[in-house]
Amino acid sequence: MEKNRDLVALSSIPLTMTLGNSMLLPILPQISRELGISAFQVSMIITVYGVVAIFMIPVAGYLSDRFGRKKVILPSLLLAAMGGAVSLAAAWLMKGAGAYGVILAGRFLQGIGAAGAFPVVIPLIGDLFEDEKQVSKGLGIIETSNTFGKVLSPIIGAALGAWLWFAPFIAIPVLCILSFVLVAFLVRKPKNKKQEDPVPFRQFLSGIGQILKEKGRWLYAIFVIGGISMFMTFGVLFYLSEILESDFRLHGVLKGLVLAIPLTLLCFASFVGGKVIGQNKRRMKWLGFGGMVLVTAALILVCLTKPIIWIMVYLSLCGIGIGSALPCMDALITEGIEKENRGTITSLYSSMRFIGVALGPPVVSLLLPMGQRLLFGILAAVGALGGLLIAFSVRPSKGKEKPGQEWAPLKKAKGERAGAR
């Protein structure tokens, strides 16, 4: 029961961080009109949040390993609330290019806060549970909360934007404060954890370098797959937000509901995936591979169709594929790294995910004028790369091994033994 309370509080963090970012996607065309800026400029409101998080997440991961997860999460939530308040003040009280610049500054602060909040949740779940099956289930809940936020965000964002164009900015600091209260009062320090002296920074870097040297093949593959998944998700959402308004004249809540369809299926697939994988490493690999194959096939089909109904069907299949792959990648990386280094390694993984968040909207905004076929052909190629990485770079080793030694890299050309030592 106590662990369930911890999970409820911790799941509020990805929900809050996702709403605070994705809620702006359906109103980006509206923001563009209100501030008189281009589609590429408005995409930067999403991108600047992701870019700063990319660089700050590893710092947050190190600090969480050294000083404790909760001591990093709580100040980060307050900083995210402050950044949201700055963006709100700019949107409310200023106009044009001046407002745009201050909104970006607020999003910069919000990105720093997000870097120390959501990514640290993943290793904290690993700290809370000893049993691998419970860890997988907990990570599935966290990933489901993240994707559920993506489901709610277009509906809530569009509804708030229909009332007042900058209303979504109001919700950001409110949600961050609510999450802060939940974590502060409901999350307890994991029991039976031996308190150790902080590792010197030079020794810490040496240890991380050694992990990357020994396990880099499968770690780098999972890093890239996480980035690809977020690139697909935010790129597709940006595309839909633009064409639903410009080509099909959908606005407000109706537009939000349409945007929520592929995200709802992504959320459902993520929840089921977290349940299915359990402790089975090979199942994690092949479910993740199957998800990326489905993503690639769905995007190829989008290249060949024009009616919006079929575009939505295929992009919904894409959502299912991404939702199947994400909890597998989370579990692989969390359960394959020793707890004392888990915060930093998973933070590097989260940084790659934020690279995808940052790149998705601007890349799609630049490719959009070049036509649907080219756009989704490139996205399909990226999805195929993700599938190949899972198939050839992630290899669970045979037999039962100690924690942190579950993976074997690819066999080298010279016939060296495979295995993470």
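A brief report on the enclosed structure follows. Computed from a predicted model, the values in this text were never measured in an experiment. (Residues numbered from 1 in each chain as written. Predicted model: local features only at pLDDT ≥ 70, side-chain atom pairs only at ≥ 80, totals over all residues. Heavy atoms only, no water.)

Overview of the overall build of the protein
Logical step 1: Tallying secondary structure elements over the protein gives 14 helices and 0 strands in all.
Logical step 2: Ordering the α and β elements of the protein from the N terminus gives α-α-α-α-α-α-α-α-α-α-α-α-α-α.
Logical step 3: Split into buried and exposed, the 421 residues of the protein put 57% on the buried side.
Logical step 4: For the protein, restricting intrachain contacts to residue pairs at least 6 apart in sequence, the fraction spanning at least 24 positions comes to 82%.
Logical step 5: Total accessible area computed for the protein in this model is approximately 17,400 Å², and 68% of it derives from carbon and sulfur atoms. (Helix = DSSP H or I, 4+ residues; strand = E, 2+ residues; numbered from the N terminus. Buried < 20%, exposed > 50% of the residue type's maximum accessible area, 1.4 Å probe, protein only. Contact = heavy atoms within 4.5 Å. Areas by Shrake-Rupley, 256 points an atom, 1.4 Å probe, with all protein chains shown as cover.)

Concerning a nonpolar patch on the surface
Logical step 1: A surface patch of nonpolar side chains, about 310 Å² in accessible area, is lined by Met56, Val59, Leu63 and Phe67.
Logical step 2: Relative to the helices and strands, Leu63 resides in helix α3 (residues 39-67). (Patch = residues over 30% accessible without salt bridge, like charges linked within 9 Å, V, L, I, M, F, W, Y side chains within 5 Å. Salt bridge = Lys/Arg side-chain N within 4 Å of Asp/Glu carboxyl O.)

Considering the environment of Leu175
Logical step 1: Relative to the elements of secondary structure, Leu175 occurs in helix α8 (residues 167-186).
Logical step 2: Not counting residues up to four positions away in its chain, the partners in contact with Leu175 are Thr16 and Leu19.

Overview of unusual backbone geometry
Logical step 1: Of note, the phi angle at Arg249 is positive, near 55°, even though the residue is not glycine.
Logical step 2: Examined against the element boundaries, Arg249 turns out to sit in the loop between α9 (201-246) and α10 (252-277).
Logical step 3: On the basis of relative accessible area, Arg249 is assigned to the exposed category, the value being 58%.

Focus on helix α2 (residues 28-35)
Logical step 1: The complete set of buried residues in α2 reads Leu28, Pro29, Ile31, Ser32 and Leu35. One side of α2 holds all its buried residues, which, seen down the axis, span an arc of 160°.
Logical step 2: Trailing α2 by a residue or two, Gly36 shows a phi angle of about 70°, which is positive. (Arc of directions from axis to C-beta.)

Structural notes on α8
Quick reminder: α-helices carry 3.6 residues per turn. Residues three or four places apart thus point the same way.
Logical step 1: If you check α8, its first and last C-alpha atoms are 29 Å apart, about what 20 residues at 1.5 Å a residue would give, namely 28 Å.
Logical step 2: All of the buried residues in α8 are Ala167, Pro168, Phe169, Ala171, Ile172, Pro173, Cys176, Ser179 and Val183. (Expected span 1.5 Å × (residues − 1).)

Some details on the nonpolar core
Logical step 1: One finds Ile13 and Met17 to be the most contacted residues of the largest nonpolar core, which totals 122 residues.
Logical step 2: With 21 residues, the top contributor of residues to this core is α9.
Logical step 3: Contact partners of Met17, with chain neighbours within four places excluded, come to Tyr49, Leu77, Ala80, Ala114, Ala117, Phe118 and Cys176. (Core = buried A, V, L, I, M, F, W, Y, C linked by side-chain atoms within 4.5 Å.)

Some words on the pattern of salt bridges
Logical step 1: For the structure shown, the criterion picks out 4 salt bridges.
Logical step 2: A salt bridge links Arg33 to Glu245, with the nearest nitrogen and oxygen atoms 2.7 Å apart. With Arg33 in helix α2 and Glu245 in helix α9, the pair connects residues that are 212 residues apart, well separated along the chain.
Logical step 3: Overall, Arg33 belongs to the exposed group, its relative accessible area being 54%.
Logical step 4: Given a relative accessible area of 9%, Glu245 falls into the buried group.
Logical step 5: One salt bridge connects Arg353 with Asp330, and the closest N-O pair in it is separated by 3.3 Å. Here Arg353 is found in helix α13 (residues 339-367), whereas its partner Asp330 is found in helix α12 (residues 308-335), with 23 residues between them in sequence.

Observations concerning the side chain of Ser351
Logical step 1: With respect to the helices and strands, the residue Ser351 is situated in helix α13.
Logical step 2: Looking at Ser351, the relative accessible area reads 5%, which means it is buried.

So, the packing of helix α4 (residues 69-93) against α8
Two packed helices can be described by the angle between their axes and the distance between those axes.
Logical step 1: Running from amino to carboxyl end, α4 crosses α8 at an angle of 165°, the nearest separation of the two axes being 7 Å. Of the possible angle classes, the one that applies to α4 and α8 is roughly antiparallel. Classified by chirality, the crossing of α8 by α4 is left-handed. Residues Lys70, Ile73, Leu74, Leu77, Leu78, Ala80, Ala81, Gly84, Ala85, Ser87, Leu88 and Ala91 of α4 touch α8, and the partners they reach there are Phe169, Ile170, Ile172, Pro173, Cys176, Ile177, Ser179, Phe180, Val183 and Ala184. (Axes fitted to C-alpha atoms, helices over the stretch in contact; angles between N-to-C directions. Parallel < 35°, antiparallel > 145°, perpendicular 65-115°, else oblique. Left-handed = near helix turned anticlockwise from the far one by under 90°.)

Structural notes on the side chain of Ser22
Logical step 1: By the secondary structure assignment, Ser22 is in helix α1 (residues 2-22).
Logical step 2: Relative accessible area serves as the criterion here: at 2%, Ser22 is assigned to the buried category.
Logical step 3: Non-local contacts of Ser22, meaning those with residues more than four positions away in its chain, are made with Lys150, Ser153 and Phe234.

That's the geometry; what it means functionally is another story.
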